[in-house]
Amino acid sequence: MGMIDAALFEALAQAMTLSVHELDASAGTEKEHICWVKTNFIKHFTEDVFFLNDHSEDNTFSRRYGNLIIRDMLEQLIEFLYILKNPHLAKEYLGLTINFEEINRKQSVVKKEELFGEKRFNQGMDGRPSVADMAAAIGEKSSGNGNLTLYKLYKILSERCHNAYFSSLLDDVNKVHHSVPTCGLSDGQINDVLIMISIMLSEYKYDVKKQSD
């Protein structure tokens, strides 16, 4: 088990601060919506990284919790990169085009939740693109050389989440019989988070560099 380097938290904090400044400067311009997307995303992404790091050596934090959070972070990151590539969708991503009357007419709670996500993307689109489609659009679905992509990592974490309780059973057995650590974050989980941080910082690299000048 390990913890995330403090320098990466500093870099994320700098990027978040500068993203807020960029948002303030974009008020009333065509860039305002995409700046809202960037500021909202890095805020919550950084919160998740802090949370995971706080529990990286927590003996009461099951690794299945880490898988659930990291999987969700991967999905949100893929969607975020997709929106950055298609900034004209920022207004829809923010839910500013949702027809809430249409959603509220549905009596099924399940249908309401489905529509809430689908109807965010409603301007000439057939609902929110699938994670696979968004990953393909940003070049992160597959690679010809067999390298790991964000979508492949997302699929790996999805399978781990599908089998969460069974995997935890195996962890318990290994803990009892082989003294194998089963709580906190594994080195692999830490590495998954570091991959996402690296990608995030690459999207804000001009901001981070500017802050250090």
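Residues numbered from 1 in each chain as written. Predicted model: local features only at pLDDT ≥ 70, side-chain atom pairs only at ≥ 80, totals over all residues. Heavy atoms only, no water.

A.B. asks: Just to check I follow, could you spell out the overall build of the protein chain for this structure?
C.D. replies: Along the protein chain, the regular secondary structure elements total 11 helices and 0 strands. For the protein chain, the spread of C-alpha atoms along the three principal axes comes to 60 × 55 × 35 Å. A fraction of 72% describes how many contacts in the protein chain between residues 6 or more apart in sequence connect residues 24 or more apart. As displayed, the protein chain has an accessible area near 12000 Å², and 52% of this comes from carbon and sulfur atoms. In the protein chain, 23 positive and 31 negative side-chain charges are present, and the distance between their average locations comes to 5 Å. (Helix = DSSP H or I, 4+ residues; strand = E, 2+ residues; numbered from the N terminus. Contact = heavy atoms within 4.5 Å. Areas by Shrake-Rupley, 256 points an atom, 1.4 Å probe, with all protein chains shown as cover. Lys, Arg positive; Asp, Glu negative; His and termini not counted. Charge placed at Lys NZ, Arg CZ, Asp CG, Glu CD.)

A.B. asks: Is there a simple way to explain the nonpolar core in this structure?
C.D. replies: Generally speaking, nonpolar side chains in soluble globular proteins are found buried as a group. Ranked by internal contacts, the top residues of the largest apolar core, which has 47 residues, are Phe45, Val49, Leu77 and Ile83. For this core, the secondary-structure elements that each account for two or more residues are α1 (6–25), α2 (32–54), α3 (63–85), α4 (90–93), α7 (131–137), α8 (150–162) and α10 (187–203). Here this core gets 9 residues from one element, more than from any other, and that element is α3. Other than its neighbours up to four places away in sequence, Phe45 contacts Leu12, Met73, Met196, Ile197 and Met200. (Core = buried A, V, L, I, M, F, W, Y, C linked by side-chain atoms within 4.5 Å. Buried < 20%, exposed > 50% of the residue type's maximum accessible area, 1.4 Å probe, protein only.)

A.B. asks: Explain the side chain of Ser19 here, please?
C.D. replies: Mapped onto the fold, Ser19 is located in helix α1. Excluding residues within four positions of it along the chain, Ser19 makes contact with Lys38, Thr39, Ile42 and Tyr204.

A.B. asks: Please clarify how the packing of α2 against α10 should be interpreted in this entry.
C.D. replies: Viewed as axis vectors pointing N to C, α2 and α10 meet at an angle of 155 degrees, and their least axial separation amounts to 12 Å. Viewed along their axes, α2 and α10 adopt a mutual orientation that is roughly antiparallel. The interaxial crossing formed by α2 with α10 has left-handed handedness. The residues of α10 that touch α2, namely those facing Phe41, Ile42, Phe45, Val49 and Leu52, are Val193, Met196, Ile197 and Met200. For the contact of α2 with α10, the residue count by class is 9 nonpolar, no polar and no charged. (Axes fitted to C-alpha atoms, helices over the stretch in contact; angles between N-to-C directions. Parallel < 35°, antiparallel > 145°, perpendicular 65-115°, else oblique. Left-handed = near helix turned anticlockwise from the far one by under 90°. Nonpolar A, V, L, I, M, F, W, Y, C, P; charged D, E, K, R; others polar.)

A.B. asks: Just to check I follow, could you spell out the pattern of salt bridges for this structure?
C.D. replies: Once the charged atoms of two side chains with opposite charge are near each other, the side chains can pair. Overall, the coordinates contain 7 salt bridges when judged by the stated rule. As a salt-bridge pair, Lys38 and Glu22 come within 3.3 Å of each other at their nearest N and O atoms. You can see Lys38 sitting in helix α2 and its partner Glu22 sitting in helix α1, a full 16 residues away along the chain. As far as the burial class goes, Lys38 and Glu22 line up, both buried. Across the pair Arg120 and Glu79 runs a salt bridge, and its minimum N-O distance is 3.5 Å. Placement of Arg120 in the loop between α6 (109–118) and α7 and of Glu79 in helix α3 is noted, with a sequence separation of 41 residues between them. Each member of the pair Arg120 and Glu79 is classed as buried. Taken together, the salt bridges that share partners define one network made up of Glu75, Glu79, Arg120 and Arg128. (Salt bridge = Lys/Arg side-chain N within 4 Å of Asp/Glu carboxyl O.)

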